[in-house]
Amino acid sequence: MAELRPSGAPGPTAPAPGPTAPPAFASLFPPGLHAIYGECRRLYPDQPNPLQVTAIVKYWLGGPDPLDYVSMYRNVGSPSANIPEHWHYISFGLSDLYGDNRVHEFTGTDGPSGFGFELTFRLKRETGESAPPTWPAELMQGLARYVFQSENTFCSGDHVSWHSPLDNSESRIQHMLLTEDPQMQPVQTPFGVVTFLQIVGVCTEELHSAQQWNGQGILELLRTVPIAGGPWLITDMRRGETIFEIDPHLQERVDKGIETDGSNLSGVSAKCAWDDLSRPPEDDEDSRSICIGTQPRRLSGKDTEQIRETLRRGLEINSKPVLPPINPQRQNGLAHDRAPSRKDSLESDSSTAIIPHELIRTRQLESVHLKFNQESGALIPLCLRGRLLHGRHFTYKSITGDMAITFVSTGVEGAFATEEHPYAAHGPWLQILLTEEFVEKMLEDLEDLTSPEERLSPHPASLATLVLAETVPQQRERRGRQPGRVGLVCLQPQPQFKLPKEYSWPEKKLKVSILPDVVFDSPLH
């Protein structure tokens, strides 16, 4: 529950004044909040008290909304640069506003503050509109709930499938990409650095192109089409055409990019599971993948960190395909005093501090059975064609259980699956190494996954809405979290297939099943 009020309204929840306020007055307000307000006042000096959507019961008091505030500013744009007038929404709460561990663990001033970012959104102002619509604030709260629940952060170029008009209208704008806000500069707060990620509304066709190619490429195309976003990527909910309908030549650029670069999508959160067919069902010892019963094995914190690092790999188009290295001599997880930034985790030695110590017990499997729901199954061709055929890897991280499946190609370094032993498990984490020849064979056999006649009409209740609508615990113990450790969370589209679908390659001892969602909601897979 939230309420709308001017940000300068009196009361105990009134936000901080701008940097010109008397020091004694400013000191009454949380330092992190005050620092972000300073950046807002720099950009909007004539709007010291913007309208604000405020959480009535704060998250740290048991409320459902992680964002304490969402401020809404009127931006005049720049007509000469094809930048229309619009509403600018800015969140407060994903970063550390208070510095007293009530929400985020304070890890020092050099690293990220809280999750390291706040969300923004730019919505085209309609003619005659005197006040900003408030629905974007709830949209931002939904994304924030996902971040707090999963402890996965967003990065520029990420995409989120929503499968419903963002404003609950009949609009074609039903999904989101994320990018750096073009005006908001990173802020150094007393509790770390805060950057600003802007939500950009896109059509289904644009989302699919971002999945098949990469989000940054589609964002650049959107910037070239004024009606579709323009230089500042302003969302127009009344846009009725995709960029490919507006300019058909843009599809050629995407097709060429897919052929040249492959897909930049290195992993998804999805409903999936796997079974070791080479062991009897009653044998749940020695790192069995999926346990039968109510007490499934859990990924260790170190395993989880490595899988998250695996998901991060591949965000940079030119990065070498490599799984995070393991240093068995280190015994205490991350050894750095500060939480690594995304740049650190990709380019420095910080990833060597991730130690799944059970890795020495990695098992080689003879036969495996992979299980996916329809939305994750629809991405298998993307995984194979857009990732493995380009020498990369792709990870499915389960949202319903503590397990993961990583497909790797022969060109990926650091994998514990090998050509001699292509199926290998470390606890509930399965790696599958596929040769190029086998990938081509699988693509032929899985062609009907994306055949139109095999699909039923889309269903609006996607994984995105399912995940984002989950109940947020009123209180949580989050002391062990490393802020900013995850760079990719992608919630995928939901094509509807005639289920179940079974695929089998007996000579490779591999079976794949596409199953209804209800299978993954049960403790028995």
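Keep in mind that what you see is a predicted model, and the values were worked out from it rather than measured.

A. Quick peek at the overall build of the protein chain. Scanning the protein chain from N- to C-terminus turns up 14 helices and 21 strands. Out of the 525 residues belonging to the protein chain, those deemed buried represent 58%. A sequence separation of at least 24 residues applies to 72% of the contacts in the protein chain between residues at least 6 apart. Here the protein chain displays about 21,300 Å² of accessible surface, and carbon together with sulfur accounts for 51% of that area.

B. Layout of the packing of helix α4 (residues 204-212) against helix α5 (residues 215-223). Across the interface, α4 lies against α5 with an axial gap of 7 Å and an inter-helix angle of 140°. Of the possible angle classes, the one that applies to α4 and α5 is oblique. Of the residues in α5, those in contact with Glu206, Ser209 and Ala210 of α4 are Gly215, Ile218 and Leu222.

C. Region of the structure containing helix α12 (residues 436-445). Buried within α12 we find Phe438, Val439, Met442 and Leu443. Buried positions in α12, seen along its axis, are confined to an arc of 140° and lie on one side of it. What points out from α12, more than 90 degrees from its buried face, is the exposed set Glu437 and Glu444. Buried residues along α12 sit in contact with α11 (380-387), β20 (501-505) and β21 (510-515).

D. Quick peek at the pattern of salt bridges. Within the structure shown, the criterion is met by 19 salt bridges. Two residues, arginine 172 and glutamate 245, come together in a salt bridge whose shortest N-O distance is 3.0 Å. Within this pair, whereas arginine 172 is found in the loop between β6 (159-161) and β7 (175-180), its partner glutamate 245 is found in helix α6 (residues 243-246), the two being separated by 73 residues in sequence. Owing to a relative accessible area of 42%, glutamate 245 belongs among the partly exposed residues under this scheme. In this structure, the salt-bridge partner of aspartate 276 is arginine 363, at a minimum N-O distance of 2.9 Å. Of the two residues, aspartate 276 is situated in strand β11 (residues 272-276) and arginine 363 in strand β12 (residues 363-365); the sequence distance between them amounts to 87 residues. As far as burial versus exposure is concerned, aspartate 276 and arginine 363 are alike and both buried. A cluster of three or more residues bridged by salt bridges with shared partners is formed by Asp65, Glu138 and Arg145.

E. Here's a closer look at the sheet that holds β11. Across the sheet, four strands lie side by side as β11-β13-β21-β20; this open sheet has mixed pairing. At either end of the open sheet lies a strand with only one pairing partner, and these are β11 and β20. Neighbour-to-neighbour, the strand axes of the sheet open up by a mean angle of 15°, direction not taken into account. Strand direction decides the pairing type here: β11 and strand β13 (residues 368-373), joined by five bridges, are antiparallel. Residue pairing in the sheet places cysteine 272 in a bridge with phenylalanine 372 of β13. Here α12 sits on the sheet and contacts β20 and β21; the angle it forms with β20, its principal contact strand, is near 150°.

F. Representation of the environment of tryptophan 60 within the structure. Its place among the elements puts tryptophan 60 in the loop between β2 (51-55) and β3 (69-75). Of the residues examined, tryptophan 60 reaches a relative accessible area of 23% and is grouped as partly exposed. For tryptophan 60 and valine 103, which are 43 residues apart along the polypeptide, the C-alpha to C-alpha distance reads 6.0 Å.

G. Inspection of the sheet that holds strand β16 (residues 423-426) at higher detail. The sheet built from six strands is open, its strands ordered β10-β14-β15-β17-β16-β12 with mixed pairing. Of all the strands in the sheet, just β10 (267-270) and β12 have a single pairing partner and so form its edges. Each neighbouring strand pair of the sheet contributes to a mean axis angle of 20°, computed without reference to strand direction. Relative to strand β15 (residues 404-408), strand β14 (residues 393-398) runs antiparallel, the two being bridged by five bridges. Each bridged residue has a counterpart across the sheet, and for histidine 393 the counterpart in β15 is valine 408.

H. Local environment of the pairing of β10. Of the two faces of β10, the one lined by Gly267 and Ser269 and the one lined by Val268 and Ala270 are each fully buried. The pairing of β10 with β14 spans four bridges and is classified as parallel. Among the inter-strand pairings, valine 268 is bridged to a residue of β14, identified as tyrosine 396.

I. Structural context of the packing of aromatic side chains. Tallied over the full model, the rule gives 15 aromatic pairs. Taking the centre distance of 5.0 Å and the plane angle of 65° together, the rings of tyrosine 59 and phenylalanine 148 count as edge-to-face. Of this pair, tyrosine 59 sits in the loop between β2 and β3 while phenylalanine 148 sits in helix α3 (residues 135-150), and the two are 89 residues apart along the sequence. Exposure remark for phenylalanine 148: the relative accessible area of 1% places this residue in the buried category. Among the aromatic residues, those joined into a ring-pair cluster are Phe372, Phe394, Tyr396 and Phe407. A cation over an aromatic ring shows up here: arginine 102 above the ring of tryptophan 60, its NZ or CZ 4.3 Å from the ring centre.

The rules behind each value
Residues numbered from 1 in each chain as written. Predicted model: local features only at pLDDT ≥ 70, side-chain atom pairs only at ≥ 80, totals over all residues. Heavy atoms only, no water. Helix = DSSP H or I, 4+ residues; strand = E, 2+ residues; numbered from the N terminus. Buried < 20%, exposed > 50% of the residue type's maximum accessible area, 1.4 Å probe, protein only. Contact = heavy atoms within 4.5 Å. Areas by Shrake-Rupley, 256 points an atom, 1.4 Å probe, with all protein chains shown as cover. Axes fitted to C-alpha atoms, helices over the stretch in contact; angles between N-to-C directions. Parallel < 35°, antiparallel > 145°, perpendicular 65-115°, else oblique. Arc of directions from axis to C-beta. Salt bridge = Lys/Arg side-chain N within 4 Å of Asp/Glu carboxyl O. Pairing = 2+ DSSP bridges. Phe/Tyr/Trp six-rings, centres within 6.5 Å; stacked < 30°, edge-to-face > 60°. Lys NZ or Arg CZ within 6 Å of the ring centre and 35° of its normal.

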